[in-house]
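One-letter residues, chain by chain:
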Amino acid sequence: MEKTTRKERASLTRAVLIGLTAGATAFPFGVASAATTTTSDTSSSGATIAADDTTDFQSVTLNSSSNYSKISSTGSSGVEVRLTDGMTDHGTTLFATDDGANEGGWIGVGFGTDIANNYVPSSTASADMRNTTFHAENGADIELVNGTVITTADQLFGTADDTYGGYGTSTANPGQISIGLDVEGANDTDKIAYANINAKATLKLVDDKTFNDPSSWTYKTTATDGTETTTTVTAKNFIKLTDKGVLETDAAQLFGDDITANKTTTSDTWTNANNAINFAAGTVLFDDTDLTLTELDAAQNLISNADSGTTIVATKTDTSNMSHAIADVPESGAFVKATADSATGVTIAKNSTTADSSVAKFNASSLELKKTDDDTTANTVAITGSTVQLGARDGKLLTVTDGTNTGLTPATDAAITVTSGGALNLVGDSTNTLAANVTLGTNTTSTTNDIDDGSSLTVTGGTKTVGDITAYEGTSVTVNDGASLTAGTITANDDTTVTLGRNTNIAVDEIKLSSNTSTDNVVEGTTLNVLGTLSGQKITTDGGSNTINVGADDAQGILIVKKDTDDVSNSSTLKGATIFLDPAWETNSNGTSDISKSSKFATDGTTADQAASSDVNVTYTLTVGRNSVASLGTTDTTVAEEMFANSKQTWGDASANSGNTTAARRRTASRAALPRRRRRMPMLMLAGTRTPTTSSRTACSRRRRTRTARSRHRRSRSKTSCRALCSSTTSTA
């Protein structure tokens, strides 16, 4: 690496590393056309809207006066259908299919959306679509993205898990109707856009119509000689309930007249509904106000086991006075209070003959235990092998009773241990507080043991508050996309993983990463995955083999490390850690990328370990890959963006300028649709006093490139001098 002069170092005020390498081009929401989105509000009788491989992305607004006969999406282009609050549709067919090759159409349905620009607001609007036919086949999707769509079960058609040939034969690319944005079913780039949207969509089924039978409808194909062939469709799970979706209906729509009987016997109503719906996640909301606890237990059990998903059953029935004794909690039962009024501690262990509960999947809205004899003794909950799910409605997740009063907060946080592959899931979109410290796995810091426990703590959604979290070898802590976690100290010991999902809100006292040497002399470190934004939180590492990943193929991560200006010794300590930034490219609707959508790492300088040793160099390994920005010396990430803007370069996939084409989720982007000027080599820009001591150079780092880059920056208006090098993006100090 070229040496800087003392004068140069004195003039530099911040350090910015910007890495560019070739990556995949894709388009959010399947809006792959780089051309201007077409908006149509035509409402003449029998009008049609058709998007296919030859057209731009279409946008159409429906209201009660509209009279479209068909809105279709075939192949790589898509259609946004904007509904009007309170409207009634008069007979439109929404039809999404493939183009006969390998591209399925896409139709997004919502209120007040601008899907081309990834704008999907939360909405309480609703539309009566009982006269609308929803038809998704052969690799195509119809997604309800926000608000409430009212319809009947017999108006929904799809070909998920179909067997009749074509693109739809792959279960990964079915023809389906999604309730809520389907994050898990999206490609990597769409996942980035989807995860940053909190809108929920509701499909409200009325009139108790029968779902279309898996073999009740046909389609025709015409051969080149004009011969028509009629094929009966075999479909299952063509309606997908996602984690951003709510299926609202009455219990009879899914279970007929007797839910309790359906728990142990097969009814035509439940078989029909189960064949039609993939209960992957989200919420089933029953309109009924008179359901019993027995019926709710049966409903939750059936739905949980239907597709092994995470769907929660909710109801408009008042369940505040419903409860189970912990010993009587059924397998995958309803989310109501579980009580142990005479015990200060309980054990939940799968298949145990001595535990207080032996179910494999224990559901409850909250736990209530007996108050301990003194305020310094903690209540205990031991989870061994079972999956315990708490939440689903607002409130405290763990309370105590003194025999007279219930719902009391324990004076000392309870102690919850999860071992032997057990799981503690804090579920639902609710706001909850768990007055407990959670320990995962067994302390195996002694090198005589090497145990992969497999236990986990997961915040699936909503806003949760927990005490301290300690994770031992082979365990994991996960905050799912869109969830919020407030906690004390998260301590991750050897061979554990902490994953903070996309669009999460994290507020913790400290995140500690600690490594250990196993019995076979392998150093086992911890891994912190930052897939959303983690800013201003204290992170400490022990100098061992610990890894911090910022971003991923399907996530834009942002990690901001700030020093404690009041007490530098209380700042983060990143000594010995490996920090890696490398997300996939996220493109705009016109096929371009911009620096604001990159993964980012920024620190304003001194960490605690540097202060203690008066070390002027960074003490961790920093790798800056494609679509990533690292800023050393400032936590203001816009500084790097301004410097790059002044460089007159284009931020994006270098391979796009080589004439290659990359297939996006809905459309293949041509070279002509993308900006012609791309920086094709990685670029390293340094500006600051705290420079890395080493930087591996690649063969592309010729002096001519260096001089050209320097000249470009001299011509820029930036007052900060910098050096630009064609270099690899790994810096170690």
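Residues numbered from 1 in each chain as written. Predicted model: local features only at pLDDT ≥ 70, side-chain atom pairs only at ≥ 80, totals over all residues. Heavy atoms only, no water.

Brief notes about the overall build of the protein chain
Turning to step 1, where the next piece is worked out: Helix and strand counts for the protein chain come out as 9 helices and 59 strands.
Turning to step 2, where the next piece is worked out: Looking at the protein chain as a whole, 57% of its 733 residues are labelled buried.
Turning to step 3, where the next piece is worked out: Within the protein chain, residue pairs in contact and separated by at least 24 positions form 70% of the contacts whose partners lie at least 6 positions apart.
Turning to step 4, where the next piece is worked out: Of the roughly 28,200 Å² of accessible surface on the protein chain, a fraction of 43% belongs to carbon and sulfur atoms. (Helix = DSSP H or I, 4+ residues; strand = E, 2+ residues; numbered from the N terminus. Buried < 20%, exposed > 50% of the residue type's maximum accessible area, 1.4 Å probe, protein only. Contact = heavy atoms within 4.5 Å. Areas by Shrake-Rupley, 256 points an atom, 1.4 Å probe, with all protein chains shown as cover.)

A short note on the pairing of strand 42 (residues 505–513)
Turning to step 1, where the next piece is worked out: Across 8 bridges, strand 40 (residues 484–492) lies against strand 42 in parallel orientation. Among the inter-strand pairings, I490 is bridged to a residue of strand 42, identified as I511. (Pairing = 2+ DSSP bridges.)

Examining the pairing of strand 31 (residues 398–401)
Two faces, one strand: in a regular strand the side chains alternate between the faces of the sheet.
Turning to step 1, where the next piece is worked out: Residues L398 and V400 of strand 31 are buried on one face, and the alternating residues T399 and T401, pointing to the opposite face, are buried as well.
Turning to step 2, where the next piece is worked out: Bridge count for strand 27 (residues 366–370) against strand 31 is 4 bridges, and the pairing is parallel. From the neighbouring strand, L367 faces strand 31, where its bridge partner is L398.

Some points on the packing of aromatic side chains
Turning to step 1, where the next piece is worked out: A full pass over the atoms with the stated rule returns 5 aromatic pairs.
Turning to step 2, where the next piece is worked out: Their ring planes at 25° and their centres at 5.9 Å tell us that W270 and F279 sit as a pair that is stacked.
Turning to step 3, where the next piece is worked out: Between F601 and Y620, the ring centres sit 6.0 Å apart and the planes meet at 80°, which makes this aromatic pair edge-to-face. Of this pair, F601 sits in strand 51 (residues 599–603) while Y620 sits in the loop between helix 7 (608–613) and strand 52 (621–624); the two residues are 19 residues apart in sequence, bridging distant segments of the chain.
Turning to step 4, where the next piece is worked out: Y620 sits in the buried class, given a relative accessible area of 4%.
Turning to step 5, where the next piece is worked out: Grouped by ring-pair contacts, the aromatic residues F255, W270, F279 and F286 constitute a single cluster. (Phe/Tyr/Trp six-rings, centres within 6.5 Å; stacked < 30°, edge-to-face > 60°.)

Topic: the sheet that holds strand 9 (residues 126–128)
Turning to step 1, where the next piece is worked out: Strands sit in the order 9-12-15-19-21-22 across an open sheet of 6 strands; the sheet is parallel. A strand with exactly one partner marks an edge of an open sheet, and here the two such strands are strand 9 and strand 22 (312–315). The sheet shows a mean angle of 20° between the axes of neighbouring strands, taken without regard to direction.
Turning to step 2, where the next piece is worked out: By the bridge criterion, 4 bridges tie strand 19 (residues 245–249) to strand 21 (residues 283–286) in an arrangement that is parallel. Directly across from T249, in strand 21, lies its bridge partner F286.
Turning to step 3, where the next piece is worked out: Contacting strand 21 and strand 22, helix 6 (residues 293–307) crosses the sheet at an angle of about 150° to strand 22. (Axes fitted to C-alpha atoms, helices over the stretch in contact; angles between N-to-C directions.)

Re the side chain of Q389
Turning to step 1, where the next piece is worked out: Examined against the element boundaries, Q389 turns out to sit in strand 29 (residues 387–391).
Turning to step 2, where the next piece is worked out: Separated by 3.3 Å, the side chains of Q389 and N425 make a polar contact.
Turning to step 3, where the next piece is worked out: When residues no more than four places from it in sequence are discounted, the contact partners of Q389 are F335, K361, F362, N363, A364, N425 and V427. (Polar contact = N/O pair within 3.5 Å; in protein donor to acceptor, adjacent residues only side chain to side chain.)

A closer look at the sheet that holds strand 10 (residues 133–136)
Turning to step 1, where the next piece is worked out: Taken in spatial order, the 5 strands make up an open sheet running 3-5-7-10-13, and their pairing is parallel. The two strands at the open ends of the sheet, each matched to only one other strand, are strand 3 (47–51) and strand 13 (156–158). Each strand axis lies, on average, 5° off the axis of its neighbour in the sheet, ignoring direction.
Turning to step 2, where the next piece is worked out: Pairing between strand 3 and strand 5 (residues 68–74): 5 bridges, direction parallel. Counted as the bridge partner of A47 is Y68 from strand 5.

Considering the environment of A343
Turning to step 1, where the next piece is worked out: Within the secondary structure layout, A343 lies in the loop between strand 24 (337–340) and strand 25 (345–349).
Turning to step 2, where the next piece is worked out: Among the residues examined, A343 registers a relative accessible area of 18% and is labelled buried.
Turning to step 3, where the next piece is worked out: Along the sequence, A343 and T372 sit 29 residues apart, while their C-alpha atoms lie 8.8 Å from each other.
Turning to step 4, where the next piece is worked out: Those residues in contact with A343, other than ones at most four positions away along the chain, are L369 and K370.

Brief notes about the pattern of salt bridges
Turning to step 1, where the next piece is worked out: In this structure the tally under the stated criterion is 14 salt bridges.
Turning to step 2, where the next piece is worked out: Of the charged contacts, one joins D287 and K316 as a salt bridge, the two residues approaching to 3.4 Å between their closest N and O atoms. Taken together, the residues span a long stretch of sequence, with D287 in the loop between strand 21 and helix 6 and K316 in the loop between strand 22 and strand 23 (323–325) at a distance of 29 residues.
Turning to step 3, where the next piece is worked out: By relative accessible area, which is 23% here, D287 ends up partly exposed. (Salt bridge = Lys/Arg side-chain N within 4 Å of Asp/Glu carboxyl O.)

Some remarks on helix 5 (residues 268–276)
Turning to step 1, where the next piece is worked out: The set of residues buried in helix 5 consists of W270, N272, A273, N274, N275 and A276.
Turning to step 2, where the next piece is worked out: Tucked inside the fold, the buried residues of helix 5 contact strand 18 (239–241), helix 3 (251–255), strand 20 (277–279) and helix 6.

Here's the deal with helix 6
Turning to step 1, where the next piece is worked out: With 15 residues, helix 6 extends 23 Å between its outermost C-alpha atoms, agreeing within 8% with the 21 Å of an ideal straight helix rising 1.5 Å per residue.
Turning to step 2, where the next piece is worked out: Burial within helix 6 is extensive, with 11 of its 15 residues counted as buried.
Turning to step 3, where the next piece is worked out: Every buried residue belonging to helix 6 is among L293, E295, L296, D297, A298, A299, Q300, N301, L302, I303 and S304, and all of these are buried.
Turning to step 4, where the next piece is worked out: Downstream of helix 6 by a residue or two, S308 has a phi angle that is positive, lying close to 55°. (Expected span 1.5 Å × (residues − 1).)

Section: the environment of D374
Turning to step 1, where the next piece is worked out: Mapped onto the elements, D374 comes out in the loop between strand 27 and strand 28 (380–384).
Turning to step 2, where the next piece is worked out: Looking at D374, the relative accessible area reads 32%, which means it is partly exposed.
Turning to step 3, where the next piece is worked out: Each C-alpha atom, one on D374 and one on T412, is 9.3 Å from the other, the two residues being 38 residues apart in sequence.

Regarding the environment of V60
Turning to step 1, where the next piece is worked out: Tracing the backbone through its elements, the reader meets V60 in strand 4 (residues 58–61).
Turning to step 2, where the next piece is worked out: Residue V60 is classed as buried on the basis of its relative accessible area of 0%.
Turning to step 3, where the next piece is worked out: For the pair V60 and V79, spaced 19 residues apart in sequence, the C-alpha to C-alpha distance is 7.5 Å.

Looking at the confidence of the model for the protein chain
Turning to step 1, where the next piece is worked out: Taken residue by residue, the protein chain gives an average pLDDT of 78. The fraction at 70 or more is 72%.
Turning to step 2, where the next piece is worked out: In this model, residues 1–36 is a region of pLDDT below 50 whose contacts with residues beyond four sequence positions or in other chains number 155 contacts.
Turning to step 3, where the next piece is worked out: Note that pLDDT drops below 50 for residues 656–733; the model gives that stretch 212 contacts with residues more than four away or on any other chain. (pLDDT = per-residue confidence, 0-100.)

With respect to unusual backbone geometry
Excluding glycine, most residues fall at negative phi; most peptide bonds, likewise, are trans.
Turning to step 1, where the next piece is worked out: Located in the positive-phi region is S332, a residue other than glycine, with phi close to 50°.
Turning to step 2, where the next piece is worked out: By secondary structure assignment, the location of S332 is in the loop between strand 23 and strand 24.
Turning to step 3, where the next piece is worked out: The backbone of N351 shows a phi angle near 65°, a positive value even though the residue is not glycine.
Turning to step 4, where the next piece is worked out: Looking at the element boundaries, N351 is found in the loop between strand 25 and strand 26 (361–364).

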